Amino acid sequence: MQTTLIGNFYPQSILLPLLVITISLMSGKEVVASRHLLEEPTLPKVPELPKPELPPLPKVELPPLPHIPTLPEPKSLTLPKPELPTVPQVPALEKPELPPLPKLETPKLPELPPLPIFPTLLKDIPFPSLSPPHSTTTP
């Protein structure tokens, strides 16, 4: 039994010192980092490099273009107007006459009886008053 108590006690006893050391190491970095942010950064000076000069390009001489003779403008050609053949006339067809439609007889609608008159509740039935009647004279 005692081996299990010592075995369980050892890892728990070391946790507190490890926690304290970890927190103390973490807090130191923030202070150093904040000091670097407050100070103006000094950058190292980089010497300017001389710009390289390009050698001048040789001038290219192109051979002269060959002379192309100009062609004379062609004469405007007149084309004869095409003649279209005439369309033969088609005789108009007679419209067939339809016989007149017979008149439909509509049956007479039956007359409806007049609607019954129902009494209205507000006019026919008086509502009782829930409050007692007021007296104007005091005894």
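These notes cover the structure that comes with them. Worth saying up front: this structure is predicted, and the values here are computed from it rather than measured. (Residues numbered from 1 in each chain as written. Predicted model: local features only at pLDDT ≥ 70, side-chain atom pairs only at ≥ 80, totals over all residues. Heavy atoms only, no water.)

**A word on the overall build of the protein chain**
Working step 1: The helix and strand tally for the protein chain stands at two helices and zero strands.
Working step 2: Within the span of the protein chain, comprising 139 residues, buried residues form 0% of the whole.
Working step 3: As presented, the protein chain carries roughly 17,300 Å² of accessible surface, and 69% of it is formed by carbon and sulfur atoms. (Helix = DSSP H or I, 4+ residues; strand = E, 2+ residues; numbered from the N terminus. Buried < 20%, exposed > 50% of the residue type's maximum accessible area, 1.4 Å probe, protein only. Areas by Shrake-Rupley, 256 points an atom, 1.4 Å probe, with all protein chains shown as cover.)

**Concerning a nonpolar patch on the surface**
Working step 1: Residues Leu16, Leu19, Val20 and Ile23 make up a contiguous nonpolar surface patch of about 400 Å² in total accessible area.
Working step 2: On the secondary structure map, Leu16 appears in helix H1 (residues 2-38).
Working step 3: Taking relative accessible area as the criterion, Leu16 reaches 57% and is therefore assigned exposed. (Patch = residues over 30% accessible without salt bridge, like charges linked within 9 Å, V, L, I, M, F, W, Y side chains within 5 Å. Salt bridge = Lys/Arg side-chain N within 4 Å of Asp/Glu carboxyl O.)

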